[in-house]
Amino acid sequence: MAHRGLHDPARPENSLAAFEAAAQAGYPIELDVQRTADGAAVVFHDDALQRMTGVAGHVHEATLAELRALRLLGGDEPVPSLDDVLACVRGRVPVLVEIKARAPIGPLEDAVRDALRRRPGAYAVQSFDPWSMLWMRRHAPELPRGMLSSDFADEELPAHHKLILRHLVLAPRVRPCFIGYDLRALPQRAPTLLRRLGVPLVAWTVRSEAELRRARELADNVIFEGVRP
């Protein structure tokens, strides 16, 4: 699965150009969604706008119209909504939507569910927030859902939060259809056990041939960039 589309210096990550390139190459697409100030689902990874647009501020503080008026990395590509991306892909390849959940859980998940229901295609959702995926299990059980995790060694989180997330403690409640785990943290007991129980394991983010070879030994699929599986 192409991480934020098939992006390169000419095609910014999470741009319509990157998604079109992935669709033409036949790669499933992984993308990120956040909720705007006016409740829309917009495709953007960072909470802050600065890195990708050069503009100060945060995604959740701006309206969809304000974000669409910005350009990614100083080029011609606008910040797209999830609807924009689905219209671009037109069901040609599967789309994996990572939900960048913020409290309260529900409004963004609802917007994602509605957007996916409006357009036919093969879709799945995933999140680092297990409560987001629990919402999806309850309100959109038809969508395959995945739990994202890592060892969170470099994250500033309370120790007990790291343990809960690292060991997928809420998996029995979420009942994930797959697990997405940081390749650098594999092998790890919890995802390995779930894989043995039949839950597919997706390794992220693969960026070299060496990492691709390692991921093929440890996981069932990969999210990649900078290398072509």
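Up top is the structure these notes are about.
This report concerns the structure included in the present document. (Residues numbered from 1 in each chain as written. Predicted model: local features only at pLDDT ≥ 70, side-chain atom pairs only at ≥ 80, totals over all residues. Heavy atoms only, no water.)

### Here's the deal with the side chain of R4
Here R4 shows up in the loop between β1 (2–3) and α1 (16–25). Of the residues examined, R4 reaches a relative accessible area of 11% and is grouped as buried. Polar contacts involving the side chain of R4 include one to the side chain of H3, which spans 3.4 Å. Every residue in contact with R4, bar those within four places of it in the chain, is listed here: E13, N14, A18, F19, E30, D32, H45 and R51. (Helix = DSSP H or I, 4+ residues; strand = E, 2+ residues; numbered from the N terminus. Buried < 20%, exposed > 50% of the residue type's maximum accessible area, 1.4 Å probe, protein only. Polar contact = N/O pair within 3.5 Å; in protein donor to acceptor, adjacent residues only side chain to side chain. Contact = heavy atoms within 4.5 Å.)

### Looking at the nonpolar core
If you look at the biggest cluster of nonpolar residues, it comprises 54 residues, and the most contacted ones within it are L31, L82, V97 and V112. For this core, the leading source of residues is helix α5 (residues 107–118), giving five residues. Those residues within four positions of L82 in sequence are excluded, and the remaining contacts are L31, V33, A41, V42, V43, V97, V112, A115 and L116. In terms of nonpolar packing, the next biggest core, distinct from the first, is built from twelve residues, M52, V59, L67 and V79 among them. (Core = buried A, V, L, I, M, F, W, Y, C linked by side-chain atoms within 4.5 Å.)

### Regarding the pairing of strand β2 (residues 29–35)
Extensive coverage of β2 is indicated by the burial of six of its seven residues. Considered for its hand, the β-α-β crossover made up of β1, α1 and β2 is right-handed. When β2 meets strand β4 (residues 95–99), the two strands line up parallel, connected through five bridges. By the bridge assignment for β4, V33 is matched with I99. Pairing between β2 and strand β3 (residues 41–43): three bridges, direction antiparallel. Bridged to R35 within β3 is A41. Taking the residues that link successive antiparallel strands as the turn, the β2-β3 hairpin has five residues, and the phi of G39 there is positive, at about 90 degrees. (Right-handed = clockwise from strand over helix to strand, strands pointing away. Pairing = 2+ DSSP bridges.)

### Observations regarding the side chain of E77
Along the chain, the position of E77 falls in the loop between α3 (64–68) and α4 (82–89). Buried and unpaired, E77 has no salt bridge, with R71 as the nearest side chain of opposite charge at 8.0 Å. Separated by 3.3 Å, the side chain of E77 and the backbone nitrogen of L16 make a polar contact. A polar atom in the side chain of E77 sits 3.4 Å from the backbone nitrogen of A17. The contacts of E77, once residues within four sequence positions are left out, are P12, S15, L16, A17, L70, R71 and L72. (Lys, Arg positive; Asp, Glu negative; His and termini not counted. Salt bridge = Lys/Arg side-chain N within 4 Å of Asp/Glu carboxyl O.)

### Focus: the pairing of strand β7 (residues 178–182)
For β7, a buried count of five out of five residues is recorded, marking the element as mostly surrounded by other parts of the structure. Burial along β7 is two-sided: the residues F178, G180 and D182 and I179 and Y181 are all buried. Relative to β7, strand β6 (residues 145–149) runs parallel, the two being bridged by four bridges. From the neighbouring strand, L148 faces β7, where its bridge partner is G180. The pairing of β7 with strand β8 (residues 201–206) spans four bridges and is parallel.

### Regarding the packing of α5 against helix α6 (residues 130–139)
Their axes nearest at 10 Å, the elements α5 and α6 cross at an angle of 50 degrees. The orientation of α5 relative to α6 falls into the category oblique. Crossing of α5 against α6: the hand is right-handed. Together, E109, D110, V112, R113 and R117 of α5 and S132, W135, M136 and H139 of α6 make up the contact between the two elements. The residue inventory of the contact of α5 with α6, partitioned by class, reads three nonpolar, two polar and four charged. (Axes fitted to C-alpha atoms, helices over the stretch in contact; angles between N-to-C directions. Parallel < 35°, antiparallel > 145°, perpendicular 65-115°, else oblique. Left-handed = near helix turned anticlockwise from the far one by under 90°. Nonpolar A, V, L, I, M, F, W, Y, C, P; charged D, E, K, R; others polar.)

Bear in mind that shape data such as this cannot, by itself, settle questions of function.
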